[in-house]
Amino acid sequence: MDTTFDPTASTMAQHAERLLAGLNPGQREAVMTTDGPVLVVAGPGSGKTRVLTNRVAYLIDVLLVSPDRIMAVTFTNKAAREMRDRIERIVSGGAVSGLVMGTFHSLGVRLLRQNPGLVADRLGVLPNFLIYDDSDQQSVVKRAIQAIGHDPKVLAPRRMLSRISAAKSMLISPAEFAGLIETHDDEIVLRVYRAYEEALRSANAVDFDDLLALPIRLFDAVPGLLERYQERFHYILVDEYQDTNRVQYVLVSALAAKRRNLFVVGDPDQSIYTWRQADIRNILDFAKDYPDAKQILLEINYRSTRRIVETADRVIRENTQRIDRRLRTDNDDGALVVVRELSDQGHEANFVVGEIRRLIAAGNVTANSFAVMYRTTAQSRVLEEAFRTSEIPYRIIGGVRFYERKEVKDILAVLRLLYNPADIVSLERVLDNLAISRGFGPKALDTVRDWSKNHALPVLDGLVRFAPPTGDARDGDEPLLSGAAKPAAQRLGSFFSYLRGMTDQASLTELFDAIVERSGYQHSFDHDSEE
């Protein structure tokens with residue numbers, strides 16, 4: 001009797017064996033449970049990243065799911081890059097083209113950029129919209145506070161932004177917020193919220209909260225678009241689910257509603273982002289939202305010593321809002337966990353430095369064997385002072401990121417204006433920081449802005465009207481300026497007119513060099529002693 005051999009089945013079995021090798025029973029179950037809603041409660045150091053990467057590889061190599069049918073959402077861009085790199089290494093042939101992987105915000109940008117016509121028609125946001133970062137949002141909210149007749153030095157911009165962000169995270173629009181007013185402060189927040197939104201729309205810009213809320217509004221306005229994405233993504237995976245907020249929950253739930261192959265990984269014991277509107281109920285109530293959900297516990301810690309694991313487990317058991325599970329490890333006992341209570345922050349800093357000095361003197365360790373963690377940046381000052389007076393070398397991890405450096409943001413402001421000439425925040429940055437803008441003050445900006453608004457033009461176009469020969473060719477059809485403001489406007493208009501002429505032919509590097517050279521910024525670079 002002939003025996004039929006199926007090479008495809010044999011290859012799939014080999015892939016399955018390879019991807020499941022070395023996993024404990026809970027990890028194997030999480031990788032292999034592919035259909036329907038799944039909640040994986042992953043304790044610290046329990047190998048959740050390996051579970052996520054192997055599960056994606058299992059879907060592709062064993063179940064033959066096309067990578068473009070899979071969407072994996074991570075909490076940070078770094079985590080997304082690392083996970084993609086791992087998946088490319090373990091998937092046969094590294095074939096993961098089309099796999100959608102990134103943060104919630106990158107997913108939101110993707111949805112908005114992929115549908116420019118609908119976004120413009122239904123949301124009033126043009127395709128060349130900009131994404132305002134924290135400092136941009138600060139500038140906009142300060143202007144909004146001034147627009148309603150208040151002083152930003154009295155009415156704290158950060159507090160207003162926090163209230164606005166909280167509302168957006170709950171999908172509450174200004175109109176809906178108006179129905180929730182209970183106090184005079186709420187009334188002030190509403191007025192700032194309205195002015196803030198008007199400023200964003202006039203600049204054709206969005207903030208980070210909009211990147212999540214606008215796709216949901218778009219899906220509500222165009223149900224067929226949601227159905228298209230539901231049809232595309234057969235499998236959705238979400239990492240750090242305990243840190244999702246309301247709008248993220250709604251977005252994922254909508255995308256997964258049709259096929260319900262939603263795989264979430266998280267741990268309510270590690271929820272630390274309530275200040276960022278994270279809602280622990282998303283993970284605690286997962287079984288209520290999906291009664292047929294499979295719950296898998298990853299309880300074995302591979303990272304820490306037994307004493308650390310047991311201490312952490314005993315402490316967290318005092319928390320009432322959690323999913324019951326017991327951390328354990330097969331690692332060695334390790335050193336005792338020490339708790340030291342001190343009188344004040346100075347005493348604490350001196351104790352930390354003294355303890356590090358003692359351990360170094362005892363031998364076998366150097367200064368780079370230690371890490372000092374603190375809850376807020378403000379706490380670093382006392383610690384730094386204690387280290388400065390000691391012989392122990394140290395460095396602060398964090399600092400200013402490259403794209404947050406002043407000189408980088410200044411040049412980016414010019415590039416952003418070329419991309420979106422309505423970007424008033426970037427224009428204000430250019431006027432405040434570039435030497436070419438000297439003589440062009442706030443009153444001149446108001447004049448140009450009013451003229452541009454009356455002519456239904458972006459604000460940058462009002463400046464470009466001063467560039468020769470445009471200014472003369474239009475018989476004075478330009479903003480009415482006098483004194484030092486007019487030659488400054490002519491310099492700025494010529495500057496931006498020249499750069500606009502370059503954008504179609506020049507490379508980004510050539511454009512950057514032209515900005516540095518023609519703006520007068522080269523002088524500051526030449527005299528900068530730092531890199």
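**A closer look at the sheet that holds strand β3 (residues 100-103)**
Taken together, the 6 strands give an open sheet; going across it, the order is β3-β2-β6-β7-β1-β8, and neighbouring strands pair in parallel fashion. The open sheet has two edge strands with one neighbour each: β3 and β8 (294-298). Strand-to-strand twist across the sheet, computed as the mean angle between neighbouring axes with direction ignored, equals 15 degrees. Relative to strand β6 (residues 235-238), strand β2 (residues 70-74) is paired through 4 bridges, and the arrangement is parallel. Of the residues in β6, the one forming a bridge with Val73 is Val238. Those strands touched by helix α13 (residues 246-256) are β2, β6 and β7 (262-266), and its axis lies near 160 degrees from that of β6.

**Details of the packing of aromatic side chains**
Evaluation of the coordinates by the stated rule reveals 7 aromatic pairs. Centroid distance Phe177 to Tyr193: 6.2 Å. Interplanar angle 85 degrees. Geometry classified as edge-to-face. Taken together, the positions of Phe177 in helix α9 (residues 174-178) and Tyr193 in helix α10 (residues 184-202) put the pair 16 residues apart, joining distant regions of the chain. Like Phe177, the residue Tyr193 is buried in the burial classification. A network of ring pairs unites the aromatic residues Phe219, Tyr229 and Phe233 as a single cluster. A cation sits over an aromatic face here: Arg228 above Tyr229, 5.3 Å from the ring centre. In this structure, Arg518 is placed above the aromatic ring of Tyr498, and the distance from its NZ or CZ to the ring centre is 3.5 Å.

**Some points on the domain arrangement of the chain**
Each assigned domain of the chain is listed here: domain 1 (7-109 + 216-298), domain 2 (131-203), domain 3 (345-390) and domain 4 (406-524). With centres defined by C-alpha atoms, the gap from domain 1 to domain 3 works out at 40 Å.

**Quick word on the pattern of salt bridges**
Under the criterion given, the structure shown has 42 salt bridges. Glu197 is the partner of Lys168 in a salt bridge, and the nearest nitrogen-oxygen pair spans 2.7 Å. Within this pair, whereas Lys168 is found in helix α8 (residues 157-169), its partner Glu197 is found in helix α10, the two being separated by 29 residues in sequence. Via salt bridges that share partners, Asp267, Asp269, Asp313, Arg317, Arg322, Asp324, Arg325 and Arg326 belong to a single interconnected network.

**Looking at unusual backbone geometry**
The residue Leu171 is not glycine, and still its phi comes out positive at about 60 degrees. Although it is not a glycine, Glu240 adopts a positive phi angle of roughly 50 degrees. Here Glu240 shows up in the loop between β6 and α13. Under the relative-accessibility criterion, Glu240 is labelled partly exposed at 22%.

**Observations concerning the side chain of Asn115**
Looking at the secondary structure, you find Asn115 in the loop between α5 (104-113) and α6 (116-123). A polar contact of 3.1 Å, which involves the side chain of Asn115, links it to the side chain of Arg228. Leaving out residues up to four positions away in the same chain, Asn115 has contacts with Leu218, Leu225, Arg228 and Tyr229.

**Describing the confidence of the model for the chain**
Averaged over all residues, the pLDDT of the chain equals 90, while 94% of them reach at least 70. Confidence, expressed as mean pLDDT per element, reaches its minimum in the chain at helix α23 (residues 470-473) with 43 and its maximum at β6 with 98. pLDDT under 50 marks residues 1-5. Its contacts with residues more than four places away, or in other chains, come to 1 contact. Across residues 527-531, where pLDDT falls below 50, the model places 1 contact with residues more than four positions away in sequence or in other chains.

**Things to note about the packing of helix α3 (residues 48-61) against helix α4 (residues 77-90)**
In the contact formed by α3 and α4, the axes pass within 9 Å of each other and the chain directions differ by 45 degrees. In terms of axis orientation, α3 runs oblique to α4. As for how α3 packs across α4, the hand of that crossing is right-handed. Two secondary-structure elements touch here, α3 through Thr49, Arg50, Leu52, Thr53, Asn54, Val56, Ala57 and Asp61 and α4 through Met83, Arg86, Ile87 and Ile90. Across the contact of α3 with α4, the residue classes tally to 6 nonpolar, 3 polar and 3 charged.

**Quick word on the side chain of Asn282**
Assignment of secondary structure puts Asn282 in helix α14 (residues 281-284). Among the polar contacts made by the side chain of Asn282, one reaches the main-chain carbonyl oxygen of Asn245 at a distance of 3.3 Å. For Asn282, the contacting residues outside a window of four places in its chain are Tyr241, Thr244, Asn245, Arg246 and Tyr249.

**Re the environment of Phe466**
One can find Phe466 in the loop between α22 (459-464) and α23. Take Phe466: its relative accessible area is 5%, and that puts it in the buried class. It is 8.9 Å that separates the C-alpha atoms of Phe466 and Pro487, two residues lying 21 residues apart in sequence. Once residues within four sequence positions are removed from consideration, Phe466 is found in contact with Glu478, Pro479, Leu481, Lys486, Ala489 and Gln490.

**Some thoughts on the nonpolar core**
Val192, Phe440, Phe496 and Leu499 are the most contacted members of the largest nonpolar core, which has 60 residues in total. Of the residues forming this core, the biggest block, 9 residues, is contributed by α10. Formed jointly, this core draws a minimum of three residues from each of two domains, domain 2 (131-203) and domain 4 (406-524). Core analysis: the second largest hydrophobic core is formed by 43 residues, Val100, Val109, Val119 and Leu123 among them.

Scoring rules and cut-offs
Residues numbered from 1 in each chain as written. Predicted model: local features only at pLDDT ≥ 70, side-chain atom pairs only at ≥ 80, totals over all residues. Heavy atoms only, no water. Pairing = 2+ DSSP bridges. Helix = DSSP H or I, 4+ residues; strand = E, 2+ residues; numbered from the N terminus. Axes fitted to C-alpha atoms, helices over the stretch in contact; angles between N-to-C directions. Contact = heavy atoms within 4.5 Å. Phe/Tyr/Trp six-rings, centres within 6.5 Å; stacked < 30°, edge-to-face > 60°. Buried < 20%, exposed > 50% of the residue type's maximum accessible area, 1.4 Å probe, protein only. Lys NZ or Arg CZ within 6 Å of the ring centre and 35° of its normal. Domains from an automatic or database assignment. Salt bridge = Lys/Arg side-chain N within 4 Å of Asp/Glu carboxyl O. Polar contact = N/O pair within 3.5 Å; in protein donor to acceptor, adjacent residues only side chain to side chain. pLDDT = per-residue confidence, 0-100. Parallel < 35°, antiparallel > 145°, perpendicular 65-115°, else oblique. Left-handed = near helix turned anticlockwise from the far one by under 90°. Nonpolar A, V, L, I, M, F, W, Y, C, P; charged D, E, K, R; others polar. Core = buried A, V, L, I, M, F, W, Y, C linked by side-chain atoms within 4.5 Å.

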